[in-house]
Amino acid sequence: MADPISPTAPEKNAADMPHLWLPYSQMQTAPFPVEATRTQGSRITLADGRELTDGVAAWWTACHGYNHPHLQQALIHQAATMPHVMFGGMVHAPARTLAARLAALLPGDLERVFFTDSGSVAMEVALKMAVQFHINSGTHGRTRMLSFRGGYHGDTLGMMSICDPEEGMHSLFAGVFPEQILADLPLDEQSTADLDALLAERGSEIAAVITEPLVQGAGGMLFHAPDVLQTLRALCDRHGILLIVDEIFTGFGRTGTMFACEKAGIVPDIVALSKALTGGTMALAATVARRHVFEKFLSDDADRALMHGPTFMANPLACAVANASLDLFEQEPRLKQVAAIEDQLRRELAPCRAIPGVRDVRVMGAIGVVELDKIEDADALRRAFVDRGTWVRPFRRIVYLTPAFTITTEELSTLTGAIVDILKARA
Ligand SMILES: *Cc1c(COP(=O)(O)O)cnc(C)c1O
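Conventions and cut-offs
Residues numbered from 1 in each chain as written. Predicted model: local features only at pLDDT ≥ 70, side-chain atom pairs only at ≥ 80, totals over all residues. Heavy atoms only, no water. Helix = DSSP H or I, 4+ residues; strand = E, 2+ residues; numbered from the N terminus. Rg over C-alpha atoms; globule rule 2.2 N^0.38 Å. Buried < 20%, exposed > 50% of the residue type's maximum accessible area, 1.4 Å probe, protein only. Contact = heavy atoms within 4.5 Å. Phe/Tyr/Trp six-rings, centres within 6.5 Å; stacked < 30°, edge-to-face > 60°. Lys NZ or Arg CZ within 6 Å of the ring centre and 35° of its normal. Arc of directions from axis to C-beta. Polar contact = N/O pair within 3.5 Å; in protein donor to acceptor, adjacent residues only side chain to side chain. Pairing = 2+ DSSP bridges. Axes fitted to C-alpha atoms, helices over the stretch in contact; angles between N-to-C directions. Core = buried A, V, L, I, M, F, W, Y, C linked by side-chain atoms within 4.5 Å. Near = heavy atom within 4 Å. Areas by Shrake-Rupley, 256 points an atom, 1.4 Å probe, with all protein chains shown as cover. Nonpolar A, V, L, I, M, F, W, Y, C, P; charged D, E, K, R; others polar. Salt bridge = Lys/Arg side-chain N within 4 Å of Asp/Glu carboxyl O. Disulfide = S-S within 2.5 Å. Parallel < 35°, antiparallel > 145°, perpendicular 65-115°, else oblique. Left-handed = near helix turned anticlockwise from the far one by under 90°. 1 Å grid on protein atoms, 1.4 Å probe; cavity = no way out; pocket = protein on both sides within 12 Å on 5 of 7 lines; lining within 4 Å. Points joined across faces, edges and corners; volume = space filled by probe spheres on them.

Caption draft 1: Focus on the overall build of the protein. In terms of helices and strands, the protein carries 14 helices and 16 strands. Taken against the 2.2 N^0.38 rule, which gives 22 Å for 427 residues, the C-alpha radius of gyration of the protein at 22 Å falls within 12% of a compact globule. Principal-axis analysis of the C-alpha atoms gives the protein an extent of 60 × 55 × 45 Å. Taken across its 427 residues, the protein has 51% of its residues classed as buried. For the protein, long-range pairs separated by at least 24 residues make up 71% of all intrachain contacts whose partners lie at least 6 apart in sequence.

Shown next as structure tokens:
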């Protein structure tokens, strides 16, 4: 067993840990990480005894806060009954129930659920579905994807090909993955006309248009209006292209409605879900298709089947705790809590507008963003938040909060207060 790592010493860096390789980190210069030992609600306790108020909710997943007893009971019960079985030729109630509940919650006839274990893979499956949908329809040559600047859909090679090139390190990996089509979101008349023209020209090559709905998360928490999704739905219909909506970040209440596409009143052809699906406890993802997509895979020809099947597909522990998470959305006033968080974020982040170096302050649901002109030293800024007893992780040009929906008013004020004070001190 590893000893807990010692408290952060500024002279040490991540490479001084003997074995771990950290995500998105230059290990030689990344600061030595803090070590978490316990969680409760919106608090994280560190190995050195400090307690942090959490503004990130475990990469946007822990929507009910940490250690919710209802989720813990579901896990314990499922672990005692059946932690895992293979999903080939065998199903189980936790998966059947979860699929039915997701189908009931999602708009329109999004009703066929394919389970995987990470967001990236759920999106990979969505792309495979889209390409094969056209092949099974007897249309050939529709193998490309169109995605948008500022988008993020995961870190696998396939997903890198549809992420914003700046984020996905395209130049470094040039030639490794297929070239896709990158466009600007149709935010105004001109960009809508441009996209329409592009689809008219290259539509016969394109299997699907892929977007994050309302918020491009990892691309810098960039917001767009619901009518952008309506535009995309109309353009896809006009050009016979499938619309894939990546609700991995936005799904399960984050923007104020259960799913972001509800605000636009549209029904995508395929939706990907993950992050908050299990309330931040287990790795699980789902790709959900509309009936007309699924029906194209029905045939007496075996080659028309969807050829995908992760080893841990529909893991019963993960499905059981996802069901418990959906119980909480029914039993506890989550969307009301999101509305209250939205109000409080608007009020308490507003003073940031007056701080020199702040370019924008924006809030949608339980997402609060302060965009700066630039962040010179993200590590120093992150350390300042830890020193204030908060867990806030600035990236790119933004400082943001995506708290648990169960965060208390006082805890949220601790977070917003830290942002205001730290940005003021830095200005
Ligand atoms: C996090 C995220 C992904 C990738 O999910 P992983 O589980 O990290 O593979 C994909 N799309 C969006 C919008 C995300 O926020």
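Here the narrative resumes.
Caption draft 2: Highlighting the packing of aromatic side chains. Applying the stated criterion across every chain, the model contains six aromatic pairs. For the pair Trp60 and Tyr400, a centre-to-centre distance of 6.2 Å together with 85° between the ring planes defines the contact as edge-to-face. Of this pair, Trp60 sits in helix α1 (residues 57–60) while Tyr400 sits in strand β16 (residues 398–401), and the two are 340 residues apart along the sequence. The class for Trp60 is buried, based on a relative accessible area of 7%. Among the aromatic side chains, those forming a connected cluster through ring pairs are Trp60, Phe249, Phe395 and Tyr400. A cation over a ring is seen here: Arg112 above Phe294, with NZ or CZ 3.9 Å from the ring centre. Lying over the aromatic face of Phe223, Arg362 brings its terminal NZ or CZ to 5.6 Å of the ring centre.

Caption draft 3: Highlighting helix α13 (residues 378–387). By the burial criterion, the buried members of α13 are Leu381, Arg382, Phe385 and Val386. Along the axis of α13, the buried positions cluster into a sector of 145°, meaning they face one direction only. Where α13 is buried, its residues contact β3 (51–54), β15 (390–391), β16 and α14 (409–426). Capping the start of α13, Asp377 holds a side-chain oxygen 3.2 Å from the backbone nitrogen of Asp379, two or three residues further along. Following α13 by one or two positions, Gly389 has its phi on the positive side, about 75°.

Caption draft 4: Structural context of the sheet that holds β16. Strands sit in the order β13-β14-β16 across an open sheet of three strands; the sheet is antiparallel. Only two strands of the sheet have a single neighbouring strand rather than two, namely β13 (358–364) and β16. The sheet shows a mean angle of 10° between the axes of neighbouring strands, direction not considered. In this fold helix α12 (residues 334–349) packs onto β13, β14 (367–372) and β16, with an angle of close to 165° to the strand it touches most, β13.

Caption draft 5: Main features of the nonpolar core. Residues Phe115 and Phe252 are the most contacted members of the largest nonpolar core, which totals 114 residues. Among all residues touching Phe115, those that are not within four sequence positions of it are Ala95, Leu98, Ala99, Leu102, Leu284, Ala285, Ala286, Pro310, Met313 and Ala314. Formed by seven residues, the second largest nonpolar core is a distinct cluster that contains Ile44, Leu52, Ala62 and Tyr66.

Caption draft 6: Expanded view of the site of the ligand. Contacts to the ligand come from Trp60, Ser118, Gly119, Ser120, Tyr152, His153, Gly154, Glu212, Asp246, Ile248, Phe249 and Lys275. Between Ser120 and the ligand, the recorded distance is 2.6 Å, taken from a side-chain N or O atom to an oxygen atom. The side chain of Asp246 places a nitrogen or oxygen atom 2.7 Å from a nitrogen atom of the ligand. Compared with its free state, where it exposes 380 Å², the ligand has 83% of that area covered by protein. Split into classes, the residues belonging to the shell around the ligand amount to four nonpolar, five polar and three charged.

Caption draft 7: Highlighting the sheet that holds strand β6 (residues 181–183). With mixed pairing, the seven strands of this open sheet are ordered in space as β4-β12-β11-β10-β7-β5-β6. With partners counted over all chains shown, the strands left at the sheet margins are β4 (110–116) and β6, one partner each. Each adjacent strand pair in this sheet contributes to an overall mean axis angle of 20°, direction not counted. Contacting β4, β11 (270–273) and β12 (285–290), helix α3 (residues 93–105) runs over the sheet at an angle of about 135° to β4.

Caption draft 8: Expanded view of the pattern of salt bridges. Inspection of every chain in the model, using the stated rule, returns 23 salt bridges. Between Asp360 and Arg362 there is a salt bridge, with its nearest N and O atoms 2.7 Å apart. Note on Asp360: relative accessible area 29%, which makes it partly exposed. Arg362 gets classed as buried once you look at its relative accessible area, which sits at 12%. Each member of the salt-bridge network shares a partner with another, and the members are Asp109, Arg233, Asp237, Asp269 and Arg290.

Caption draft 9: Local environment of the state of the cysteines. Per the stated rule, a full pass over the model turns up zero disulfides. Cys319 supplies the cysteine sulfur nearest to Cys63, a cysteine that is in no disulfide, at a spacing of 16 Å. You can see Cys163 has no disulfide; the closest cysteine sulfur is in Cys236, sitting 18 Å from it. Residue Cys163 is classed as buried on the basis of its relative accessible area, which comes to 2%.

Caption draft 10: Spatial organisation of the packing of helix α2 (residues 69–81) against helix α11 (residues 316–331). It is the contact of α2 with α11, at a shortest axis distance of 9 Å, that shows an interaxial angle of 150°. The pairing of α2 with α11 is recorded here as roughly antiparallel in orientation. Considering the relative orientation of α2 and α11, their crossing is right-handed. Of α11, the residues touching α2 (which contributes His70, Leu71, Ala74, Leu75, Gln78 and Ala79) are Pro316, Leu317, Ala320, Val321, Ala324, Ser325, Asp327 and Leu328. Among the residues forming the contact of α2 with α11, the class breakdown is ten nonpolar, three polar and one charged.

Caption draft 11: The arrangement of the layout of surface pockets in detail. In this structure, the second largest pocket encloses a volume near 350 Å³. In terms of residue count, the dominant contributor to the lining of the second largest pocket is β4 (four residues). Here the lining of the second largest pocket is composed, by residue class, of nine nonpolar, one polar and two charged.

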